[in-house]
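Structural features, examined
Read off the chains here:
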Amino acid sequence: MRIGNREFDTEHQTYVMGILNVTPDSFSDGGKYSSLDQALRHVEQMIGEGADLIDIGGESTRPGYVQIPDDEEIYRVLPVIEAVKKRFDIPVSLDTYKSRVAKAGISAGADMINDIWGLKQDPQMAAVIAAHGHVACCLMHNRKQADYVNFAADWYRDLEESVRLAKEAGIGQDRIILDPGVGFAKTYEQNLAAIRHLQELHPLGYPLLLGTSRKSVIGLTLEVPAKERVTGTAVTTVFAVLYGCAFVRVHDVRENVQAIRMAQAVLRAQ
């Protein structure tokens, strides 16, 4: 799979997507990288620690988040995308579910759109991505409410619907990644089940991205605050490797790169 100027071997490798939140209210690092200099220093650090691509977000999607206007989100992310693309040779993902923000971000150099609503929130999003044939997308599982008849079956069908929307819009099959949506519209038990049953999404036929970094499912399990969830995140990253995920989206790059390398070394042992 090609993202930006890089080829990713999504069948045999697990890659690290480093998180860059340029928001004042993200749940674990809000306001920490809101200045351009701070953001660029953090990108440089993540690349040095082994990040394979960078995911830039301008609106917090933590539980209870407040939606900001498109123009405000564009104002936050565009200078950062432009600066990262100018200074570093690394693919850039834009974390947004809004088509206007996506279009502006792609014009600024974004190589991928990471949509937490799987093309279902903004009816124009699929068309914007399709109109830029070089741009990849990550489609996450999400719902308005955690209301399921059968969680596993409904979870699978919801992602099938996102794939259908992508295909109908003309997004190329080799441009689609799926995210099981840990932490979104799921109970604690359902979040654990989504991680445990990742491999059941492989029949959909697309690379998978697991995003559990510092999330509440880890905090509730280990009874620790967000900044003490690095170890728990690394454990879920090992599961991502075991279950064939192509990407993990994390705050703490070095620790998760090491977890991947160790897990892959064990799996490759004869």
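As a starting point, this report considers the structure included with it. (Residues numbered from 1 in each chain as written. Predicted model: local features only at pLDDT ≥ 70, side-chain atom pairs only at ≥ 80, totals over all residues. Heavy atoms only, no water.)

**Brief notes about unusual backbone geometry**
At alanine 185, a residue that is not glycine, the phi angle is positive and equals roughly 55 degrees. Inspection of the secondary structure assignment puts alanine 185 in the loop between strand E8 (176-179) and helix H6 (188-196). Looking at alanine 185, the relative accessible area reads 18%, which means it is buried. (Helix = DSSP H or I, 4+ residues; strand = E, 2+ residues; numbered from the N terminus. Buried < 20%, exposed > 50% of the residue type's maximum accessible area, 1.4 Å probe, protein only.)

**Things to note about the sheet that holds strand E9 (residues 209-210)**
Pairing is parallel across the open sheet formed by eight strands, whose spatial order is E8-E7-E6-E5-E4-E3-E10-E9. Every other strand in the sheet has two partners, leaving E8 and E9 as the edge strands with one partner each. Pairing of strand E7 (residues 136-140) with E8 involves four bridges; the strand directions are parallel. When the sheet's bridge partners are listed, methionine 140 is paired in E8 with aspartate 179. Across the sheet, helix H2 (residues 70-87) is in contact with strand E3 (15-21), strand E4 (53-57) and strand E5 (92-95); its angle to E5 comes to roughly 175 degrees. (Pairing = 2+ DSSP bridges. Contact = heavy atoms within 4.5 Å. Axes fitted to C-alpha atoms, helices over the stretch in contact; angles between N-to-C directions.)

**Here we look at the pattern of salt bridges**
It is possible for side chains of opposite charge to pair when their charged atoms get near one another. For the structure on display, the rule yields 16 salt bridges. A salt bridge links glutamate 73 to lysine 98; its shortest N-O distance comes to 2.9 Å. Note that glutamate 73 is positioned in helix H2 and lysine 98 in the loop between E5 and helix H3 (99-108), a separation of 25 residues in sequence. Through salt bridges with shared partners, one network takes in Asp55, Asp95 and Arg249. (Salt bridge = Lys/Arg side-chain N within 4 Å of Asp/Glu carboxyl O.)

**So, the environment of glycine 183**
Among the secondary structure elements, glycine 183 is positioned in the loop between E8 and H6. Under the relative-accessibility criterion, glycine 183 is labelled partly exposed at 35%. For the pair glycine 183 and alanine 194, spaced eleven residues apart in the sequence, the C-alpha separation amounts to 9.7 Å. Setting aside its immediate chain neighbours within four residues, glycine 183 contacts Asn191 and Lys215.

**So, the packing of aromatic side chains**
Applying the stated criterion across every chain yields a total of six aromatic pairs. Between tyrosine 148 and phenylalanine 151 the ring centres are 5.0 Å apart and the planes differ by 85 degrees, which places this aromatic pair in the edge-to-face class. The class for tyrosine 148 is buried, based on a relative accessible area of 13%. Owing to a relative accessible area of 14%, phenylalanine 151 belongs among the buried residues under this scheme. Through pairs of rings, three or more aromatic residues link up here, namely Phe8, Tyr15 and Phe247. The ring centre of tryptophan 117 lies 4.6 Å from the NZ or CZ of lysine 144, which sits over that ring. (Phe/Tyr/Trp six-rings, centres within 6.5 Å; stacked < 30°, edge-to-face > 60°. Lys NZ or Arg CZ within 6 Å of the ring centre and 35° of its normal.)

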